[in-house]
Amino acid sequence: MEQTAKDKKSNIILALDFLFEKPENREKLFSKAERILNAVEPYICAVKFNRHLVLPLGTFNGVAKLNEKAHAMGLMAIMDCKVNDIGSTNQTIAEYYYSAGFDALTANPFVGWEEGLKPVFDVAHKLQRGVILLVYMSHKAVWEGYGQTICNAETGEKTLQYVSFAKKALKWNADGVVVGATYPEKIREVHETLGKKIPIYSPGIGAQGGKIESALKAGASYLIVGRTITLSENPAETAKNIRDVANECK
Ligand code: XMP
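Residues numbered from 1 in each chain as written. Predicted model: local features only at pLDDT ≥ 70, side-chain atom pairs only at ≥ 80, totals over all residues. Heavy atoms only, no water.

A. Looking closely at unusual backbone geometry. Positive phi is not limited to glycine here, since K9 has a value of about 50°. If you trace the backbone, K9 turns up in the loop between α1 (2–8) and β1 (12–15). For Q128, which is not glycine, the phi dihedral falls at a positive 55°. By the element assignment, Q128 lies in the loop between α5 (113–127) and β5 (130–136). Residue class for Q128 comes out exposed when judged on its relative accessible area of 72%. (Helix = DSSP H or I, 4+ residues; strand = E, 2+ residues; numbered from the N terminus. Buried < 20%, exposed > 50% of the residue type's maximum accessible area, 1.4 Å probe, protein only.)

Here's what the structure looks like:
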């Protein structure tokens, strides 16, 4: 990822998300996605998929083909599936996504290690792919879960949930963590825990109110941008502007 961002001179990740389409319009989603990817490709280092395209296009027919295109453009491909189940299910999910060409996927540390995310890390590292852990999300209600104060049942020690997740990212050797751009103070705190060992991926720029400069200054390495680009009248120009502002902040 680091090398790709250097080569592409961009740390912007396109979230290739579109709004719900009625059945008669769903076939157009593939060409719409392809068109935006072609237009925006010079200004990004990776493309991130979510259920927005996996559900209507399918993993192997539609999304895998877009992954191939992204790779041919020198981009990385991330699946934002937030793996969040028992270990054997998580493992199967990860195997399908990696075999569809994804370089990394997102996972939720709430499920823990043994029979939780360990099988995902095992598969990822066997295939030399990545796992990016959610540490602090970008939406308003995030404090209800990721912001809780938790108490270690064995030691009685109190800590914040997201601080504990950042420490788990180090312990589990994660390839990245997600911290919302809408909370630059959390990015800073998590960055202090992780240092340069694990990069921070930050969604929430634009549509959710997060700011490029404050996220980068706080320690984010990569910015994830979706609707601000995909719903823009001129996605290429919007992506270029975001890339330029981000590069000026370096
Ligand atoms: P927008 O349109 O808001 O899209 O720029 C952001 C994309 O990123 C996803 N997202 C997150 N993914 N942790 C994640 O793993 C988060 O905190 C988070 N916030 C937003 C969102 O679903 C969309 O695909």
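This is not the end of the story, as more comes after the structure.
B. Spatial organisation of the sheet that holds strand β2 (residues 46–49). The strand order around the closed barrel formed by eight strands is β1-β2-β3-β4-β5-β8-β9-β10, and the pairing between neighbours is parallel. Here the average twist between neighbouring strands, direction ignored, is 30°. Relative to strand β10 (residues 222–225), β1 is paired through three bridges, and the arrangement is parallel. The partner of L14 across the bridge, within β10, is V225. Strands in contact with α5 are β3 (76–83), β4 (104–107) and β5; relative to β5, the strand with the most contacts, it is inclined by about 140°. Along the sheet, helix α6 (residues 161–171) contacts β5 and β8 (176–179); its crossing angle with β5, the most-contacted strand, is approximately 160°. (Pairing = 2+ DSSP bridges. Axes fitted to C-alpha atoms, helices over the stretch in contact; angles between N-to-C directions. Contact = heavy atoms within 4.5 Å.)

C. The site of the ligand, seen in detail. Taken together, 16 residues lie around the ligand, and D17, S138, Q208, G226 and R227 are the ones closest in. Within the contact set of the ligand, an oxygen atom lies 2.9 Å away from a side-chain nitrogen or oxygen of K48. Side-chain polar atom of Q208 to an oxygen atom of the ligand: 2.8 Å apart, as the coordinates give it. For the ligand, whose unbound accessible area comes to 510 Å², protein coverage reaches 91%. Taken together, the residues that form the shell around the ligand break down as seven nonpolar, four polar and five charged. (Near = heavy atom within 4 Å. Polar contact = N/O pair within 3.5 Å; in protein donor to acceptor, adjacent residues only side chain to side chain. Areas by Shrake-Rupley, 256 points an atom, 1.4 Å probe, with all protein chains shown as cover. Nonpolar A, V, L, I, M, F, W, Y, C, P; charged D, E, K, R; others polar.)

D. Molecular detail of helix α3 (residues 51–72). When the terminal C-alpha atoms of α3 are compared, their 23 Å separation across 22 residues is substantially less than the 32 Å that a helix rising 1.5 Å per residue should span. Along α3, the sharpest change in direction is near 110° and occurs at G58. All buried positions along α3 are accounted for by L53, V54, L57, T59, G62, V63, A64, L66, N67 and A70. Those residues of α3 that are buried are in contact with α2 (28–40), β2, β3 and α4 (87–99). Downstream of α3 by a residue or two, G74 has a phi angle that is positive, lying close to 80°. (Expected span 1.5 Å × (residues − 1). Bend = angle between axes of the 7 residues up to and from the residue.)

E. Expanded view of the pattern of salt bridges. Overall, the coordinates contain nine salt bridges when judged by the stated rule. Across the salt bridge formed by D80 and K48, the nearest N and O atoms sit 2.6 Å from each other. Residue D80 is found in strand β3, and its partner K48 is found in strand β2; the two are separated by 32 residues along the sequence. When its relative accessible area of 8% is taken as the criterion, D80 is described as buried. What makes K48 buried here is its relative accessible area of 5%. If you follow the salt bridges from partner to partner, you end up with K48, D80 and K82 in one network. (Salt bridge = Lys/Arg side-chain N within 4 Å of Asp/Glu carboxyl O.)

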